[in-house]
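# Architecture at a glance
Here are the chains, one letter per residue:
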Amino acid sequence: MSDKPICDQNEAILVLEDGQVYVGEPYGAEGRTTGEIVFATGMTGYQETLTDPSYDRQIVVQTFPHIGDTGVNGEDPESARIWVAGYVVRDPSPNVSNWRAEGSLDDDLKQQNIVGISGIDTRKLVRHLRSAGVMRAGVFSGAALLDDKGDVRDLDEFLAEVKATAQMQGLSLYEEVSTKQAYTIEPCGEFEGKEPLYTVAAVDLGIKAMTPHRMAERGCRVHVVPSSITFEQLQELNPDGVFFSNGPGDPEQAGPEVELLRKVLDAGYPFFGICFGNQLLGRALGFGTYKLKFGHRGINQPVKDMTTGKIEITAHNHGFAVDAPIGETVDAPFENGKYGKVFVSHIDLNDDVVEGLQCVDIPAFSVQYHPEAAAGPHDAAYLFDRFVELMKNSKEGK
């Protein structure tokens, strides 16, 4: 090891598990944080990104260089807190300039104790993650840089902390982010104050606030329930449809939720799943899931709807995907085709990853991306209409 410290005491460092080191300035809170490092390609919507529960235990790199211009407000968060484990940006905005702003992003990160780093070459970092794949990493600043003598610690010590962090593959995280108490979102917009057209039981695996809002805009009363709900408790809600939300972690570790979903399908409830919910439908139907090299995260992913041929620009946040055949209708593998035929309804045009499943013989479908997309784009909002239509047809016995 060199006698020269890897950084100054007033700087911050980002350490990747493969040994790469980036030296910058502290951003947000000072301290230490570790997690899986991923990158998000959105030019806007950083507040929605930070508060998305699907980023639990992940250090997020923003590919867009200038972050924080519009500050933060109380309307845009997708949940009650920031969920990212750490935050990496190139150029934090020194000023806040927006009529809706209630504070600065830097102050919000400090208040919620989110350790970040700025002033590094994020383009170089993202190019490395694209070629090497996402991996574990750590951000260290302030007292976390120093040993007992007050000197900056050796790189080996930081690397040891990073490598002691759990791998994302094999982690079960949905219970960590799910609501502990059920709550209800009533119909809004043109349906406000009216009797709901449909009742939805939404299983919270890391749900974003805009999701039940999109259903409420369409006249639905949405009961958002904890991931620990039993099928009997779900039945007591007398839902017209069941929804499984987005969420963090490895879908292979969500056995209880897959079993709950199979009971939902067996009972004939119309089903809609988003992101983690798509992966769980895939597993319930008997398909496998796998981890992507660097995942899809951002608001500019091109997806093709195979049922219409339409191309949508969509919002994504997923590191896992369903392993199902593209371009053919097949028997769902579980129990020799118990759930009938299924086909891949959507694909990502960048890499042909499965982005949606459509069941033919039962009222169930799902997408891997985020049609609620609070920060935009809104190309895929029609999927909520599709869910409402499914509940309508089921109610009418079609």
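In short, a report on the structure. (Residues numbered from 1 in each chain as written. Predicted model: local features only at pLDDT ≥ 70, side-chain atom pairs only at ≥ 80, totals over all residues. Heavy atoms only, no water.)

### Some thoughts on the pairing of strand E1 (residues 12-16)
Across the 5 residues that make up E1, a large majority, 5, are buried. The two faces of E1 match: Ala12, Leu14 and Leu16 on one face and Ile13 and Val15 on the other face are all buried. As paired elements, E1 and strand E9 (residues 135-141) share 5 bridges and run antiparallel to each other. Looking across to E9, one finds that Ala12 is bridged to Ser141. Bridge count between E1 and strand E2 (residues 21-28): 4 bridges; the pairing is antiparallel. In the sheet register, Val15 faces E2, and the bridge partner there is Val21. Turn length for the E1-E2 hairpin, with the two strands adjacent in sequence and antiparallel, is 4 residues, and the turn residue Gly19 shows positive phi of about 100°. (Buried < 20%, exposed > 50% of the residue type's maximum accessible area, 1.4 Å probe, protein only. Helix = DSSP H or I, 4+ residues; strand = E, 2+ residues; numbered from the N terminus. Pairing = 2+ DSSP bridges.)

### Looking at a positive patch on the surface
Residues Arg123, Arg127, Arg130 and Lys293 make up a contiguous surface patch of positive charge. In terms of residues, the positive patch owes the most to one element, helix H3 (residues 122-132), which gives 3 residues. For Lys293, the location among the structural elements is in strand E15 (residues 288-305). For Lys293, a relative accessible area of 48% translates into the label partly exposed. (Patch = residues over 30% accessible without salt bridge, like charges linked within 9 Å, V, L, I, M, F, W, Y side chains within 5 Å. Areas by Shrake-Rupley, 256 points an atom, 1.4 Å probe, with all protein chains shown as cover. Salt bridge = Lys/Arg side-chain N within 4 Å of Asp/Glu carboxyl O. Lys, Arg positive; Asp, Glu negative; His and termini not counted. Charge placed at Lys NZ, Arg CZ, Asp CG, Glu CD.)

### Focus on the nonpolar core
Counting residues in hydrophobic clusters, the biggest one holds 38 residues, and the most contacted among them are Val203, Phe244, Leu261, Leu265, Phe271, Leu280 and Leu285. Contributions of two or more residues to this core are made by strand E11 (198-203), helix H7 (231-236), strand E13 (241-244), helix H8 (255-267), helix H9 (276-284), strand E18 (341-348) and strand E19 (354-359). Residues within four places of Leu261 in sequence aside, it is in contact with Phe244, Phe271, Leu280, Leu281 and Ala284. Grouped together as the second largest cluster of nonpolar side chains are 22 residues, Ile207, Cys220, Ile274 and Leu383 included. (Core = buried A, V, L, I, M, F, W, Y, C linked by side-chain atoms within 4.5 Å. Contact = heavy atoms within 4.5 Å.)

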